[in-house]
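Reading the structure
If you want the building blocks of each chain, they are given just below.
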Amino acid sequence: MPGAGRLTHHAPMWAFHRFALAALAMGAAGQVAAGEAMSSGRTLLQPPSQAVPSPLTDRFAATVRFHSPMMDSFFRYDDPDNPSDFGTPFYIEDTLGLKSRLFQGSIDMMFRMNERHRIHAQYSQQDRSAVKTLSLSGPLLFGSSEFDHGDVVHSQMQQRKLDVTYTYSVLRRERVEVGLGLGIHLLQFEGTLSEPAEFTTETLDTAGPAASLAADFTWRFTRRFSLTAQGQWLRGKVSDIEAEYRSYRAGVQFRAARNLSIGVGYSGTYYEVDSADPDFFPGYLWIHNHGPEAFFRVSF
């Protein structure tokens, strides 16, 4: 039949047309896939990369720390009614028998906003008390009270500190992050020195805010191990008050699970205040706390 002959003659052409259409469809699909791969920043035919869980990728973290700091404290409390009457400078641990090493816990939290903004918040408290018979070469003038050699004195000291620090990551890479920012610190010192036999009691209670420059550093040097470090610093003079504040912390952590890390580190805090303001604190205060710590960290 004439029609049958024409169908047989054009069969290879129809097959070629079908093959060409299929090839064009596959090419278009490949172009779409390539465009998606380029837009996602990965090479064609490679699976998308997955972020390694680490302090660099955490959006929120809560860290429980166990400290064992050495306490070095030097103190002078002038008469608040007449600050020109200087008190006796003395080392608290040696003179009053307060513990020179503490075992304590604290908790801090981290919030990451966007990729480069972070907020750290931490609260810590230190409590010490002792009863000791004074061994002095002269009178101990503390505030408006006087304590002498052989007196049995009861002493108590508390330090409370709330830190809120904001940092912006000026450098952020897959394994390294460096942040700079500002910190706000609310500090409170409270102390009591009494001699019950003579009905003598002197109390000191002072508190105030302070600001500091802040910096932090993070380095993930293996898939599971990371090094972190933070520091704050302040030095200034306002009216009759001159002060300096420094704090630092560094530690190595191991990512035991996706949302859990454990680690060890070292931290320290330094305070120095020289004040003639009777409404704040008339006297001189120098405290340096430093020692090792262990921690576990839950993060998401």
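Focus: the overall build of the protein chain
- In terms of regular secondary structure, the protein chain is built from two helices and 14 strands.
- The proportion of buried residues among the 300 residues of the protein chain is 37%.
- Long-range pairs, those at least 24 residues apart, make up 64% of the contacts in the protein chain with a sequence separation of at least 6.
- In the structure as shown, the protein chain presents an accessible area of about 17100 Å², 63% of it carried by carbon and sulfur atoms.

Here we look at the pattern of salt bridges
- For the structure shown, the criterion picks out 19 salt bridges.
- Here Arg128 makes a salt bridge to Glu93, at a shortest N to O gap of 2.8 Å. Note that Arg128 is positioned in strand β5 (residues 117–133) and Glu93 in helix α2 (residues 92–96), a separation of 35 residues in sequence.
- Given the relative accessible area of 11%, Glu93 is considered buried.
- The salt bridge involving Arg112 is made with Glu177; its shortest N-O contact spans 3.0 Å. Note that Arg112 is positioned in strand β4 (residues 104–113) and Glu177 in strand β9 (residues 176–195), a separation of 65 residues in sequence. Side by side, Arg112 and Glu177 carry an identical accessibility label, which is buried.
- Counted as one network, the salt bridges with shared partners bring together Arg59, Arg112, Glu115, Arg118, Arg172, Glu177 and Asp216.

Some details on the nonpolar core
- The biggest cluster of nonpolar side chains holds 23 residues, and the ones touching the most others in it are Phe75 and Leu96.
- Contributions of two or more residues to this core are made by β2 (70–77), α2, β6 (140–142), β8 (152–172), β9, β13 (260–277) and β14 (281–299).
- Ignoring sequence-local partners within four residues, the contact set of Leu96 consists of Phe90, Tyr91, Ala130, Lys132, Leu134, Val153, Ser155 and Leu193.

Considering the packing of aromatic side chains
- For the structure shown, the criterion picks out 15 aromatic pairs.
- With centroids separated by 5.2 Å and ring planes inclined at 50°, the aromatic side chains of Trp219 and Phe221 adopt a geometry described as tilted.
- Judged by relative accessible area, which is 37%, Trp219 ranks as partly exposed.
- Look at Phe221 and you get partly exposed, because its relative accessible area is 31%.
- Three or more aromatic residues link up through ring pairs in this structure, and these residues are Phe75, Tyr77, Phe90, Phe142 and Phe281.
- Over the ring of Phe86 we find Arg76; its NZ or CZ atom is 4.7 Å from the centre of that ring.
- Positioned above the aromatic ring of Tyr270, the side-chain terminus of Arg246 is 4.1 Å from the ring centre.

The rules we used
Residues numbered from 1 in each chain as written. Predicted model: local features only at pLDDT ≥ 70, side-chain atom pairs only at ≥ 80, totals over all residues. Heavy atoms only, no water. Helix = DSSP H or I, 4+ residues; strand = E, 2+ residues; numbered from the N terminus. Buried < 20%, exposed > 50% of the residue type's maximum accessible area, 1.4 Å probe, protein only. Contact = heavy atoms within 4.5 Å. Areas by Shrake-Rupley, 256 points an atom, 1.4 Å probe, with all protein chains shown as cover. Salt bridge = Lys/Arg side-chain N within 4 Å of Asp/Glu carboxyl O. Core = buried A, V, L, I, M, F, W, Y, C linked by side-chain atoms within 4.5 Å. Phe/Tyr/Trp six-rings, centres within 6.5 Å; stacked < 30°, edge-to-face > 60°. Lys NZ or Arg CZ within 6 Å of the ring centre and 35° of its normal.

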